[in-house]
Amino acid sequence: MPINRNTLLRYKTIDRMLRNGRRATLQELIDACNDALYEHNGYGEVSRRTVQHDIEEMRYSRELGYYAPIKVVDRKYYKYEDYDYSITDVPLSETDIRQLAEAVELLKQMSSFKGFSDVEDVVNRLEDHVASMRYKVDPVILLESNDRLRGLEHITPLHDAILEQSPVTIVYKSFQWNESQQFIFSPYILKEFRNRWFVFGRRHDSPEGLLLNLALDRIEDISDAPKKTKYLKIKSFRPQQYFKDIIGVSRFPDDEVVHVVFRVKASEVPYVITKPLHQSQKEVERLVDGSMLFSIDVILNYELQRDILGYGDGITVIAPEEFAYKIQERLRNAVSNYEDKGLNN
């Protein structure tokens, strides 16, 4: 069973009390643990039995790997039999090294883009430490990544600007614009969706309260805003609330949540159950042919359309009718693309 924070704090306290030949009574160890817990948590009340159990765990627990040489002197004092012993000097076991190596591999994948330069440095040092112990392990977890993604170098300056609440000057080229635009921007939050990164914030020359969503791969340059430029907030913006009713990142100020009902063919039902389209997804009815009706409460955006279209004939929108017609129209256009190539039979 994993060790909780308070237990580990008690182990460290007992170790500190017994290091370098020192000795302590059980009551002194209890008092020291209480003091440490109070300093760390604002409260502390450890029983005699708990500290006695901690001592036994430090002595004999295979899970901890301490095997601390704690002995009793004069039937009153606890001390380390080895003057130089400390739990902080216990070498890593093979299991520890394997788990550390797996964690490093996972961190390498998560920090594979250049934006997290600080994390990348930590990962490199960890990797060197593991390699120095001559223990190699193949990765057992692979995350989706794309080395050709653009704009990842902007993550760090935007991340810092958000933490420091500092406005920045951005040069941005939207897919809809003929030319790049430069403007001052107060960033609020970074969000990743389908391996693409976005930053949400307020453009200073836009109406008050209007939230702007920028794709990092369309940002051409980021620099400090002119001195004394004030960081502008949208007080009503709450990230968790804002993203709760959408799939992806797209929504407009006047968008409303809509109850969407869709039918999933039998062969696709297990996939939709195990990977819901949205957190609000509910199972409505199992039909005779094995297909199933589901519902979600979401804002109708572009990403929702793409998710539904991604199932092809596996999902049919039932309600609302306007949304069903829109999906139908896009499917018809898709079919016509192939008919124009003479692929219809």
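About the cut-offs
Residues numbered from 1 in each chain as written. Predicted model: local features only at pLDDT ≥ 70, side-chain atom pairs only at ≥ 80, totals over all residues. Heavy atoms only, no water. Helix = DSSP H or I, 4+ residues; strand = E, 2+ residues; numbered from the N terminus. Contact = heavy atoms within 4.5 Å. Axes fitted to C-alpha atoms, helices over the stretch in contact; angles between N-to-C directions. Parallel < 35°, antiparallel > 145°, perpendicular 65-115°, else oblique. Nonpolar A, V, L, I, M, F, W, Y, C, P; charged D, E, K, R; others polar. Patch = residues over 30% accessible without salt bridge, like charges linked within 9 Å, V, L, I, M, F, W, Y side chains within 5 Å. Areas by Shrake-Rupley, 256 points an atom, 1.4 Å probe, with all protein chains shown as cover. Salt bridge = Lys/Arg side-chain N within 4 Å of Asp/Glu carboxyl O. Lys, Arg positive; Asp, Glu negative; His and termini not counted. Charge placed at Lys NZ, Arg CZ, Asp CG, Glu CD. Buried < 20%, exposed > 50% of the residue type's maximum accessible area, 1.4 Å probe, protein only. Phe/Tyr/Trp six-rings, centres within 6.5 Å; stacked < 30°, edge-to-face > 60°. Lys NZ or Arg CZ within 6 Å of the ring centre and 35° of its normal. pLDDT = per-residue confidence, 0-100. Core = buried A, V, L, I, M, F, W, Y, C linked by side-chain atoms within 4.5 Å. Pairing = 2+ DSSP bridges. Expected span 1.5 Å × (residues − 1).

**Here's the deal with the environment of Leu-210**
Note that Leu-210 resides in the loop between strand 6 (196-203) and strand 7 (212-215). Leu-210 sits 27 residues away from Phe-237 along the chain, and the two C-alpha atoms are 9.8 Å apart. Those residues in contact with Leu-210, other than ones at most four positions away along the chain, are Gly-201, Arg-202, Ile-234 and Pro-253.

**Quick look at the packing of helix 2 (residues 26-41) against helix 3 (residues 48-60)**
In the contact formed by helix 2 and helix 3, the axes pass within 10 Å of each other and the chain directions differ by 100°. Judged by the inter-axis angle, helix 2 sits roughly perpendicular to helix 3. Contact with helix 2, carried on its side by Leu-26, Leu-29, Ile-30 and Cys-33, involves Arg-48, Val-51, Gln-52 and Ile-55 of helix 3 and no other residues of that element. Looking at the contact of helix 2 with helix 3, its residues break down into 6 nonpolar, 1 polar and 1 charged.

**Some thoughts on the environment of Arg-330**
Looking at the secondary structure, you find Arg-330 in helix 10 (residues 321-339). Sequence spacing of Arg-330 and Leu-309 is 21 residues, and the spatial spacing of their C-alpha atoms is 8.4 Å. Excluding anything up to four places from it in sequence, Arg-330 contacts Tyr-302, Gln-305 and Leu-309.

**Here's the deal with a negative patch on the surface**
A surface patch of like charges, here negative, comprises Glu-28, Asp-31, Asp-35 and Glu-39. By the secondary structure assignment, Asp-35 is in helix 2. On the accessibility criterion, Asp-35 (53% relative accessible area) is exposed.

**Here's the deal with the packing of aromatic side chains**
Applying the stated criterion across every chain yields a total of 11 aromatic pairs. Centroid distance Tyr-172 to Trp-177: 5.8 Å. Interplanar angle 75°. Geometry classified as edge-to-face. Taking the relative accessible area as the measure of exposure, Tyr-172 reaches 7% and is therefore buried. Seen in terms of ring centroids, Phe-262 and Phe-294 are 5.8 Å apart; in terms of plane orientation they differ by 15°. Their pairing is stacked. Of the two residues, Phe-262 sits in strand 9 (residues 258-264) while Phe-294 sits in strand 11 (residues 292-298), which places them 32 residues apart along the sequence. Across the pair, exposure class does not vary: Phe-262 and Phe-294 are buried alike. Against the face of Tyr-77 rests Arg-23, its NZ or CZ located 4.2 Å from the ring centre.

**Observations concerning the confidence of the model for the chain**
Considering every residue of the chain, the mean pLDDT works out to 85; 80% of them sit at 70 or more. Mean pLDDT per element in the chain: helix 5 (residues 117-132) is the minimum at 58, and strand 9 is the maximum at 98.

**A few points about the nonpolar core**
The biggest cluster of nonpolar side chains holds 48 residues, and the ones touching the most others in it are Leu-158, Ile-170, Leu-190, Leu-216, Phe-262 and Ile-308. Tallying contributions element by element places strand 5 (residues 181-193) first for this core, with 5 residues. Listed in part, the 25 residues of the second largest apolar core include Leu-29, Met-58, Ala-68 and Ile-87.

**Some remarks on the sheet that holds strand 10 (residues 282-286)**
The sheet built from 4 strands is open, its strands ordered 10-11-9-12 with antiparallel pairing. Each of the sheet's edge strands pairs with one partner strand only, and the pair in question is strand 10 and strand 12 (315-319). Recorded for the sheet is a direction-independent mean angle of 30° between the axes of neighbouring strands. As defined by bridge partners, strand 9 adjoins strand 12 across 4 bridges and the pair is classed as antiparallel. What sits directly across from Val-261, in strand 12, is Ala-319.

**Thoughts on the pairing of strand 11**
Within strand 11, 6 of the 7 residues are buried, which leaves the element mostly enclosed by the surrounding structure. The pairing of strand 9 with strand 11 spans 7 bridges and is antiparallel. When the bridges of strand 11 are listed, His-259 appears paired with Asp-297. The pairing of strand 10 with strand 11 spans 4 bridges and is antiparallel. The residue bridging Lys-282 from the neighbouring strand is Ser-295, located in strand 11. The hairpin formed by strand 10 and strand 11 contains 5 residues between the paired strands, and Gly-290 there has a positive phi angle of roughly 95°.

**Focus: helix 9 (residues 302-309)**
Buried within helix 9 we find Glu-303, Leu-304, Gln-305, Asp-307 and Ile-308. The elements touched by buried residues of helix 9 are strand 5, strand 11, strand 12 and helix 10.

**Comments concerning helix 3**
Its 13 residues place the ends of helix 3 19 Å apart at the C-alpha level, agreeing with the 18 Å of an ideal helix rising 1.5 Å per residue. Lining the buried residues of helix 3 we find helix 1 (5-18), helix 2, strand 2 (70-73) and strand 3 (77-80).

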